Amino acid sequence: MAGVVVGGYGGGIARTQRHFNVDDYGADPTGATNSNAAITAARTALGTEPGLIVFGVGTYLFTNGLNVENGTELGLNQGVMGQGASLTTVKFNGAYCPFEFRNSAWQFNTASEGGEGLSGMWLYGWENTNTNVHAIRWGDIGKMRIHDVHVAGFNQSGDVGMYASNDIGWSERADIECSVEQCSTAYLFEGAMPNGTNPFGATSFDYSHYRLNFVCLAGQDAFVLRSKAGGYKTTMNGVKLELTGNCLLSAEGEPNEAALFRIGRDNADQAALTGELYINVETSGDLGDLGVAHYDFMMGGAGPFWEVESKVSAFGTINLIPFSGVNFRAGTGHPRNFAFAGLLKNSPTFGSTTNSQAFQPLQLVSQARGDYWIAPSNAVQTIYVREATAGTFTIDYDGTSTPALDFDASIAEVQAALEAIPALTGNVTVVQGQARFINGYYADELAYGVTFGAGLAETAVPTFTVDDSGLTGTADVVVRNTGSANKTLTARIETGNIVKIEETAGTYRLGLDIGLLTDQVGTDKDSPFGLFGVDIWIKQPTTGGNVVLEGPWFAANAQSGSTATFDWFDGIPPVLSTEADAWDVIRISTYNFNVWIGQHITRKAIVDPPLTSTSPGVKGQRAIDESHEYVCVDTNSWKRTPISSW
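Quick notes on the rules
Residues numbered from 1 in each chain as written. Predicted model: local features only at pLDDT ≥ 70, side-chain atom pairs only at ≥ 80, totals over all residues. Heavy atoms only, no water. Helix = DSSP H or I, 4+ residues; strand = E, 2+ residues; numbered from the N terminus. Buried < 20%, exposed > 50% of the residue type's maximum accessible area, 1.4 Å probe, protein only. Contact = heavy atoms within 4.5 Å. Pairing = 2+ DSSP bridges. Axes fitted to C-alpha atoms, helices over the stretch in contact; angles between N-to-C directions. Core = buried A, V, L, I, M, F, W, Y, C linked by side-chain atoms within 4.5 Å. Arc of directions from axis to C-beta. Phe/Tyr/Trp six-rings, centres within 6.5 Å; stacked < 30°, edge-to-face > 60°. Lys NZ or Arg CZ within 6 Å of the ring centre and 35° of its normal. Salt bridge = Lys/Arg side-chain N within 4 Å of Asp/Glu carboxyl O. Polar contact = N/O pair within 3.5 Å; in protein donor to acceptor, adjacent residues only side chain to side chain. Disulfide = S-S within 2.5 Å. pLDDT = per-residue confidence, 0-100.

J.: Give me the overall build of the protein: which residues, what numbers.
T.: If you tally the helices and strands in the protein, you get two helices and 47 strands. For the protein, buried positions account for 52% of its 646 residues. Contacts spanning at least 24 positions in sequence make up 75% of the contacts within the protein whose residues lie at least 6 apart.

Quick look at the structure:
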């Protein structure tokens, strides 16, 4: 009953090979009776050699899937072929999986060998009441091919439309085109290898092209990449992922915890995706529907963003289309974990941008608003003993000096020497600082970080002076004093490159928290490398005086090793507006590895009545309110631009 089929399998290269048509083994193409026996017989005839199981034109019903659980899965260079998604329908009402493709004896020398995969059929699951069914399952096999396949109706608990699962090694170089409609999860890519058990470091779905189309109801995830519980570092590297479809809304009052795009199982899951990413997805529902749309981007599990290990680094186009009803809602994705270069539109999490950039953290090309907080400022001073080879030095605090300290004095020795000064007893803590990073290299120096607390907390302390005349070598000692009695108003750059501040009157130190955002220098990660700009908008209070800024301050950490310095562009610290309700904009940017430049632009808030397109003005004049920027293009003619489009 075996024959030869010659054709373009799944739109690929024409080939000749063994095939086994289920009709020849007694399958019922009307779907009236179960075709289990015929399909099993065709699988037995196929054996372990390369070849295809072929379905004809019609509808086939069966319940005993070809899967690992039944010991009948398809292996290397084996596949299943129908006559086209519009011509062949396979109704599966069984458990586990109708078609599984797996290289169960995966070894390095077979890792790149392929499975012929699946083509030309509609997998029909609407009548299947079993849970945890995977319409298509494959893993640990190379060069997987899926083409002209439509999956629909596998919507019970735990069901998945297309499930890629690596239990042994990796699956790479796939070429997959699949349409999934109303399954509990449309596409799930999952690796199972625990940390340390995979000799290659991770399970992967790398170097592949995925063209995935879907329709998802409320509660149904569209695309998920993660490790299994206990698994480690599942990746899709060097892939081209095209995700198109529709996320429908939930009914009014019903919860919808589903996501369009979910990377990582929990905060410790190092799932990662790199390559090309093209997402064109709409949300739809009846106009006026009060249901909630899917989350847009979810990263890891619940918890603070800085604990999330999962990553995305990609370029391409993301277009989230609010066709009708409510658009997507913001997920737990965060710029630290989601670096994207290209066109981004209508993401509640990341905003919109038309800037094509190198791989910068996403908030630098989006318009998400950052946040800020106010905290007490304790003085921190760092003493750098640079390029000394022998000798001694002393430290002086407010007229009192320590005994002579060796050029390579220990932390404990410096702590004891400072504690011997009466004004510092019980008020200082000395830790090992890190050498500074200067012109691309760590300096040859010892650093002692001194934090002032207890009786000297929130105090502007005198700066240490050092007598280094007893040192030999090309030695010098530098002291950096970041002390202040004023509270620090810290803008968190990680959550947006525009930070809007409305505070009570007072004098504040301006702080910048760039956290773990960029390539790091120093133990507290305060290097500005990779960032290129942040706007701090400060609104003067309506009453009670005005806000005054000391000037930017970076790491509030005695172990800091960064030489991040700051200069105002014109050399003059900013003098903020004294007018009530006026806005000041402090623009801070970098021009090389470790130097920040600040510019101060005072912009008056537009008050009632607002500007109109014909308000009096002078060409070139600019004004701004909380939502628009206005530019006078000619007398009595203004152009208005939404801030969200900057």
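J.: Quick rundown of unusual backbone geometry? Include the residues and the values.
T.: Backbone geometry at glutamate 387 places phi at a positive 55°, although glycine is not the residue there. Tracing the backbone shows glutamate 387 in the loop between strand S26 (380–386) and strand S27 (390–397). The phi dihedral of alanine 454 is positive, around 50°, even though this residue is not glycine. Counting through the fold element by element, alanine 454 comes out in the loop between strand S33 (445–452) and strand S34 (465–467).

J.: So what's going on with the environment of tyrosine 25? Which residues, and what values?
T.: Examined against the element boundaries, tyrosine 25 turns out to sit in the loop between strand S2 (14–21) and strand S3 (30–34). Judged by its relative accessible area of 22%, tyrosine 25 falls in the partly exposed class. Separated by ten residues in the primary sequence, tyrosine 25 and serine 35 place their C-alpha atoms 9.2 Å from one another.

J.: Provide a residue-level description of the sheet that holds strand S19 (residues 259–263), including the pertinent values.
T.: A sheet is described by the order of its strands in space; here seven strands give the open sequence S8-S10-S12-S14-S17-S19-S21, paired in parallel fashion. Because the sheet does not close on itself, it has two edges, and the strands there are strand S8 (99–102) and strand S21 (295–299). Across the sheet, the mean angle from the axis of one strand to that of its neighbour is 10°, orientation sign disregarded. Bridge count between strand S14 (residues 185–191) and strand S17 (residues 221–227): six bridges; the pairing is parallel. Following the sheet pairing, glycine 191 is matched in S17 by serine 227.

J.: Summarise the nonpolar core; cite the residues concerned and give the values.
T.: Membership of the largest hydrophobic core comes to 74 residues, with the highest contact counts inside it found for Trp138, Phe189, Phe223 and Phe261. With five residues, strand S18 (residues 234–248) is the single largest residue contributor to this core. Membership of the second largest hydrophobic core comes to 23 residues, among which are Leu405, Val430, Tyr448 and Phe464.

J.: Provide a residue-level description of helix H2 (residues 411–419), including the pertinent values.
T.: What H2 keeps buried is the set Val414, Gln415, Ala417 and Leu418. When H2 is viewed along its axis, its buried side chains cluster within an angular range of 165° and face the same direction. At its buried positions, H2 is contacted by S27, strand S29 (405–406), strand S30 (428–433) and S33.

J.: Describe helix H1 (residues 36–46), and please don't skip the residues or the numbers.
T.: Listed as buried for H1 are Asn36, Ala38, Ile39, Ala42, Arg43 and Leu46. The first or second residue beyond H1 is glycine 47, which carries a positive phi of 65°.

J.: So what's going on with the pairing of S8? Which residues, and what values?
T.: Burial of the side chains of S8 extends over both faces: Phe99 and Phe101 are buried on one face and Glu100 and Arg102 on the other. Pairing of S8 with strand S10 (residues 134–139), which is carried by four bridges, proceeds in the parallel orientation. Bridge pairing in S10 places glutamate 100 opposite arginine 137.

J.: Explain the packing of aromatic side chains to me, using residue names and the numbers behind them.
T.: The description of two aromatic rings rests on the distance between their centres and on the angle between their planes. Under the criterion given, the structure shown has 18 aromatic pairs. Seen from their ring centres, tryptophan 106 and tryptophan 170 are 5.4 Å apart, and the 85° between their planes marks the pair as edge-to-face. Of the two residues, tryptophan 106 is situated in the loop between S8 and strand S9 (117–124) and tryptophan 170 in the loop between strand S12 (160–166) and strand S13 (175–181); the sequence distance between them amounts to 64 residues. The same class applies to tryptophan 106 and to tryptophan 170, which are both buried. Ring geometry for tryptophan 138 versus phenylalanine 189: centroids 6.5 Å apart, planes at 85°, classification edge-to-face. Here the residue tryptophan 138 occupies a position in strand S10, and phenylalanine 189 occupies one in strand S14, the gap between them amounting to 51 residues. What makes tryptophan 138 buried here is its relative accessible area of 0%. Given the relative accessible area of 0%, phenylalanine 189 is considered buried. One Lys or Arg, lysine 91, reaches over the ring of tyrosine 124 and ends 5.0 Å from the middle of that ring. When the ring centre of tyrosine 295 is taken as reference, the NZ or CZ atom of arginine 329 above it lies at 3.9 Å.

J.: Account for the environment of glycine 56, with residues named and values stated.
T.: Inspection of the secondary structure puts glycine 56 in the loop between strand S4 (51–54) and strand S5 (58–62). As a C-alpha pair, glycine 56 and asparagine 21 span 35 residues in sequence and 7.3 Å in three-dimensional space.

J.: Mind laying out the side chain of aspartate 206, listing which residues take part and the relevant values?
T.: If you trace the backbone, aspartate 206 turns up in the loop between strand S15 (203–204) and strand S16 (209–216). Sequence-distant contacts of aspartate 206, that is, excluding residues within four places in its chain, are made with Ser171, Glu172, Arg173, Thr235, Met236, Asn237 and Val239.

J.: Lay out the pattern of salt bridges with the relevant residues and their values.
T.: Scanning the model with the defined rule gives 15 salt bridges in all. A salt bridge links glutamate 242 to lysine 240; the shortest N-O distance between them is 3.7 Å. Using a relative accessible area of 28% as the deciding quantity, one classes lysine 240 as partly exposed. Each member of the salt-bridge network shares a partner with another, and the members are Glu69, Glu100, Arg102, Arg137, Asp140, Asp167 and Lys228.

J.: Go over the side chain of threonine 203, please, and point to the residues and values.
T.: Tracing the backbone shows threonine 203 in strand S15. Of the polar contacts made by the side chain of threonine 203, one reaches the side chain of threonine 234; its length is 3.1 Å.

J.: Residue-level account of the state of the cysteines, with values.
T.: Using the criterion set out here, one finds zero disulfides in the structure. Looking at the unpaired cysteine 183, the closest cysteine sulfur is the one in cysteine 216, lying at 8.3 Å.

J.: Let's hear about the pairing of S17: which residues, and what values?
T.: Along a regular strand, successive side chains alternate from one face of the sheet to the other. With six of its seven residues buried, S17 lies for the most part within the structure. As defined by bridge partners, S17 adjoins S19 across three bridges and the pair is classed as parallel. Paired with valine 224 across the two strands is arginine 262, which belongs to S19.

J.: Explain the confidence of the model for the protein to me, using residue names and the numbers behind them.
T.: Mean pLDDT over the protein stands at 78; residues scoring 70 or higher make up 72%. Highest mean pLDDT in the protein belongs to strand S7 (residues 88–92) (98); lowest belongs to strand S1 (residues 3–8) (42). Note on residues 1–16: pLDDT under 50 across the span, and 36 contacts to partners over four residues away in sequence or across chains. Predicted confidence for residues 603–609 stays below pLDDT 50, and this span has 18 contacts to residues more than four positions away or in other chains.

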